[in-house]
Amino acid sequence: MSLLEVDDLRTEFRRADGTRMTVVDGVSFAVEPGRALAIVGESGSGKSVTVRTLLGLLPKTARVAGGSATFQGKDLLALKQRELRRIRGRDIGMVFQNAMEAMNPTLTVERQLTEHLLWHGICGKAEARERAIEALAGVGIPEPERRIRMYPFQMSGGMRQRAMIAMAMVTKPALLIADEPTTAVDVTIQRQLLDLLAGLKEQGTGIIMITHDLGVARYFCEDVMVMYAGRVMERASTHALLDAPRHPYSVGLLGSSIEVGGRDRPLIPIPGSPPDLARRPDGCPFHPRCAQAELPRCAEPQELLTIEGSPAAAGDAIEAGRVHGAACWKAASLV
């Protein structure tokens, strides 16, 4: 049974002229206990907005235009802010991408790590401090008893990022959302953090990881979802997608990235730029940049297809890793 099941999620932003722009368009996926889902794609593809929609962390210019997000039997999108606050930080942890902006520079690390433990009534002040010190030590911060009294600006960028991860993990949430958690840390610390997150998976925690690093996705995540222009281009188990991508955009992402052992493979950049979402292309949003595009077929709506080329059943397609789906009519023939 899925821990989180998202179905046909749509998010809109209101523009200055009053019109609305769809930035998350019909996104569906699921996260199971003890498994990690990687959401990959270029900057501006809607990855962060997708997870922020689930947590009710959208700006005032945004609104949920449709869909559902069922977490432990509750639709997160239907909850009032008061009800959602009871879940955020306790049952769902979030690691934000920019630790310096996400952490309050006027509060000590101790205050920020213990605040939600106390607010949710999980434990008392003394135990909260011990848990915070343990969490800092767990993410590899030396001298945690001393560091916990520091302010964020007194820490290096990598140390702040690790403190952010500790903050998200201190309540031992059922679901952890990590937005580029290995940003600003060196390779040694990156491996340490991934091993730490792997330990959470072994304890049954479900994880959503937003990342640009396909090597991290291959190493850590069981499932992968590729997004472009707010839509799901492809979704499958990690090895199925990264070893044999079926959407031209997924092929382009792999061709323009470096992985360990691929030193002799030439880099092939994707031509052009992502579209302006206010003027989204008809049909597949990637077709203006796609070398394999065939008009008018690619300018028509593209369903998420299985690799055999037949429409994926809605229920099966949502279950991460159970169906290899690609939103391209050529998916069956691409290797």
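The following paragraphs examine the structure supplied in this document. Note that the structure is a prediction, hence the values are computed from the model and not measured. (Residues numbered from 1 in each chain as written. Predicted model: local features only at pLDDT ≥ 70, side-chain atom pairs only at ≥ 80, totals over all residues. Heavy atoms only, no water.)

**Here we look at the packing of aromatic side chains**
Here the structure, examined in full by the defined rule, presents 4 aromatic pairs. Here the aromatic rings of Tyr151 and Phe153 are separated by 5.8 Å at their centres, their planes lie at 15°, and the arrangement is stacked. Aromatic side chains Tyr228 and Tyr249 sit 4.6 Å apart centroid to centroid with 50° between the ring planes, which places their arrangement in the tilted category. Of the two residues, Tyr228 sits in strand β9 (residues 223-228) while Tyr249 sits in helix α11 (residues 248-255), which places them 21 residues apart along the sequence. Residue classification places Tyr228 among the buried positions, given a relative accessible area of 1%. Following the ring pairs from residue to residue traces out a cluster consisting of Tyr228, Tyr249 and Phe286. Directly above the aromatic system of Phe220 lies the positively charged group of Lys201, at a separation of 4.2 Å from the ring centroid. (Phe/Tyr/Trp six-rings, centres within 6.5 Å; stacked < 30°, edge-to-face > 60°. Helix = DSSP H or I, 4+ residues; strand = E, 2+ residues; numbered from the N terminus. Buried < 20%, exposed > 50% of the residue type's maximum accessible area, 1.4 Å probe, protein only. Lys NZ or Arg CZ within 6 Å of the ring centre and 35° of its normal.)

**Some details on the sheet that holds strand β2 (residues 20-31)**
Taken in spatial order, the 4 strands make up an open sheet running β2-β1-β4-β5, and their pairing is antiparallel. At either end of the open sheet lies a strand with only one pairing partner, and these are β2 and β5 (74-75). Bridge analysis of strand β1 (residues 4-14) against β2 gives 9 bridges, and the strand direction is antiparallel. Bridged to Glu5 within β2 is Ala30. Sheet strands in contact with helix α1 (residues 47-55) are β1, β2 and β4 (62-71), and its direction is about 105° off that of β1. (Pairing = 2+ DSSP bridges. Contact = heavy atoms within 4.5 Å. Axes fitted to C-alpha atoms, helices over the stretch in contact; angles between N-to-C directions.)

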